[in-house]
Amino acid sequence: MKTMETDVVVIGGGATGAGVVRDVAMRGYRTILLERGDLAQGTTGRYHGLLHSGGRYVVSDQRSATECAEENIILTRIHADAVETTGGLFVSTPGDDPEFPDRFLAGARDSKVPAQEISIAQALRQEPRLNPGIWRAFAVEDGAVDGWQMTWGAANSAKEYGAEILPYHEVTGIDRDGDQVRRVRAHDRKNGEDVNIDCTFVINAGGPWSGEIAALAGCHDVEVVPGRGIMIAMNHRLVNTVVNRCIYPTDGDILVPVHTVSIIGTTDVKAPDADRLRIPAEEVQLMMDSGEALIPGFRQARAVHAWAGARPLVKDNRVSASDTRHMSRGMSILDHHERDGLKGLLTITGGKLTTYRLMAKNIIDEMCEQLGDDRPCRTADEVVPKSESGKTYVVTHRLEEREADRLEEQIICECELMTRKSYLKEMHDRPSSNFDDIRRITRLGMGPCQGGFCSSRVAGLALHENLVDVERATGLMELFLKNRWIGLWPILYGAQVRQTALDQWIFSGTLDIEHVPEPEQAVL
Ligand SMILES: Cc1cc2nc3c(=O)[nH]c(=O)nc-3n(C[C@H](O)[C@H](O)[C@H](O)COP(=O)(O)OP(=O)(O)OC[C@H]3O[C@@H](n4cnc5c(N)ncnc54)[C@H](O)[C@@H]3O)c2cc1C
């Protein structure tokens with residue numbers, strides 16, 4: 001049993017938890033972040049990739065729209081390396097509500113979201129694949145944002161202020177002393193050790209799992225409804241700007257260019273369990289049909305991966321319990337002193353990735369008030385590590401670096417131009433990583449081959465460099481392929497079937513992967 005002591009324990013290492021731990025550390029408290037998996041492995045790693053301009057909410061939720069517009073500017077500055085300033089369009093396609101565009105413009109004006117009507121010719125020049133039947137178009141300041149880069153950026157900034165970041169630590173209990181939180185108990189899933197952390201305050205940033213975490217402290221009935229949404233990555237940037245349908249928010253109405261792919265999404269269905277999210281065939285079909293409305297020929301493009309995430313939506317008694325699209329997307333802070341008579345525990349849920357910093361600010365302002373401390377938030381004033389140059393991300397950056405001075409470096413993942421050197425650096429920095437941990441940082445296996453060519457290379461290299469033994473190298477490769485497969489089988493059609501048949505032949509035919517001995521210890 002390991003024991004530690006700190007002022008504030010933050011539970012949950014998604015964007016919100018990383019934002020909270022950064023804010024806490026920057027205000028001068030000692031703090032520890034506990035995440036049961038790797039950072040940004042929950043909803044933050046399973047979302048659409050859109051840095052909202054606010055446009056999506058100008059009619060349905062003007063407060064959220066304004067918050068998005070303001071945070072968009074701040075995040076582009078402090079997380080330049082994670083944000084691509086693609087710009088965005090809202091377009092009316094044939095058959096869309098004829099009255100909505102005027103409501104959109106009026107809503108944008110009222111909520112201070114920059115939006116400008118442009119001619120159809122200009123929109124089609126900008127995005128030549130767009131449906132030529134569009135009849136109105138508006139330019140907005142949407143962008144693309146890498147949730148993993150953003151979360152690690154905030155966490156690394158927190159570390160510079162003395163925070164401890166503990167991935168793979170699952171919280172198993174929250175102990176109280178009378179009406180005051182005293183200790184958080186966690187289990188280190190990598191080495192099997194139990195950890196007790198004495199503290200005076202706990203912030204629950206558990207996203208769709210916040211209700212279960214609050215229950216560990218005896219605070220029951222925190223209703224966070226998981227709103228399941230699916231997304232599909234197409235193997236090209238079919239568009240270079242974010243393309244939204246100019247209609248009331250609905251399924252499949254946004255196409256986001258993220259790194260080398262474009263992502264169509266999403267749906268919104270109440271899920272019974274945030275850990276088991278389905279990708280039903282009819283929703284895949286719906287995404288294809290919706291993509292076709294924006295980009296004729298979309299169905300013929302190759303889908304490379306599908307995934308689902310769960311929105312942490314706070315139940316609002318005004319709407320039906322199954323209608324997740326109309327629940328509050330705004331943030332909610334639960335004060336467990338007021339609600340349950342327990343001092344030193346606050347829960348933050350809801351919101352969006354785009355508003356993660358503001359969520360963190362609001363909850364830590366509340367914590368400071370309860371502690372009687374006057375310590376202002378500074379997270380908007382300072383950029384996170386790796387964003388100091390102020391240069392925002394561009395999709396061509398790896399090619400530029402390669403042509404500048406890395407032509408001799410061996411490429412391990414051709415789809416994403418990932419080099420041997422960058423892979424080994426990550427493995428040396430975090431030797432207990434699995435290949436999905438590496439993927440989230442480097443995009444290993446996220447392109448058209450989906451791990452078919454690169455996974456055996458990274459396993460071999462880890463072995464060659466003595467970073468792992470044979471058993472773990474094989475186990476890591478198997479785990480990586482299994483996780484890729486979860487996102488492949490729902491979209492097996494067309495060219496993707498041919499790729500999968502080739503991968504099957506490589507792994508079963510040449511490496512006989514189905515008959516390698518099972519590792520004695522489960523690989524994590
Ligand atoms: C389909 C979909 C599309 C979306 N698209 C967008 C978009 O384009 N733009 C946008 O701005 N927002 C978008 N969002 C919203 C955004 O993704 C979420 O609001 C945000 O990621 C939530 O972050 P979080 O940190 O609150 O939750 P999470 O990222 O889920 O973090 C919670 C963490 O708590 C951890 N945890 C759970 N239990 C424990 C425990 N016992 N011990 C330790 N850790 C624990 C989990 O592992 C998880 O990592 C989308 C959401 C969905 C579902």
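Residues numbered from 1 in each chain as written. Predicted model: local features only at pLDDT ≥ 70, side-chain atom pairs only at ≥ 80, totals over all residues. Heavy atoms only, no water.

Turning our eyes to something else, we now look at helix H11 (residues 420–429). For H11, the set of buried residues is Tyr423, Leu424, Glu426 and Met427. Viewed end-on, H11 has its buried residues packed into an arc of 160°, placing them on one side of the element. Of the surrounding secondary structure, the elements contacted by the buried residues of H11 are strand E24 (418–419), helix H12 (435–442) and helix H13 (454–464). (Buried < 20%, exposed > 50% of the residue type's maximum accessible area, 1.4 Å probe, protein only. Helix = DSSP H or I, 4+ residues; strand = E, 2+ residues; numbered from the N terminus. Arc of directions from axis to C-beta. Contact = heavy atoms within 4.5 Å.)

Here the focus is the site of the ligand. Neighbouring residues of the ligand: 36 residues in total, closest Thr16, Glu35, Thr44, Leu50 and Thr354. For the ligand, a nitrogen atom lies 2.8 Å from a polar atom in the backbone of leucine 50. A total of 1,000 Å² of accessible area belongs to the ligand in isolation, and the protein chains cover 96% of it. Here the shell around the ligand is built from residues that sort into 13 nonpolar, 18 polar and five charged. (Near = heavy atom within 4 Å. Polar contact = N/O pair within 3.5 Å; in protein donor to acceptor, adjacent residues only side chain to side chain. Areas by Shrake-Rupley, 256 points an atom, 1.4 Å probe, with all protein chains shown as cover. Nonpolar A, V, L, I, M, F, W, Y, C, P; charged D, E, K, R; others polar.)

For the rest of this paragraph, the subject is the pattern of salt bridges. A full pass over the atoms with the stated rule returns 36 salt bridges. Salt-bridge contacts for arginine 136 lead to aspartate 102; the nearest nitrogen and oxygen are separated by 2.8 Å. Note that arginine 136 is positioned in strand E8 (residues 136–140) and aspartate 102 in helix H3 (residues 100–110), a separation of 34 residues in sequence. Since its relative accessible area comes to 17%, arginine 136 is described here as buried. On the accessibility criterion, aspartate 102 (47% relative accessible area) is partly exposed. The salt bridge partner of glutamate 117 is arginine 136, with a shortest N-O separation of 2.9 Å. Within this pair, whereas glutamate 117 is found in strand E7 (residues 115–118), its partner arginine 136 is found in strand E8, the two being separated by 19 residues in sequence. Classification of glutamate 117 by relative accessible area gives partly exposed; the value is 35%. Sharing partners across several salt bridges, the network here consists of Asp23, Arg27, Lys361 and Asp365. (Salt bridge = Lys/Arg side-chain N within 4 Å of Asp/Glu carboxyl O.)

Time to look at the sheet that holds strand E4 (residues 50–51). Sheet strands pair by backbone hydrogen bonding; their relative direction is either parallel or antiparallel. The strand order E4-E9-E5 describes an open sheet built from three strands, whose pairing is antiparallel. The open sheet is flanked by E4 and strand E5 (83–84), the only strands paired with a single partner. As judged from the two bridges shared by E5 and strand E9 (residues 143–145), these two strands associate in the antiparallel manner. Each residue of the ladder has a partner; that of valine 83, found in E9, is valine 145. (Pairing = 2+ DSSP bridges.)

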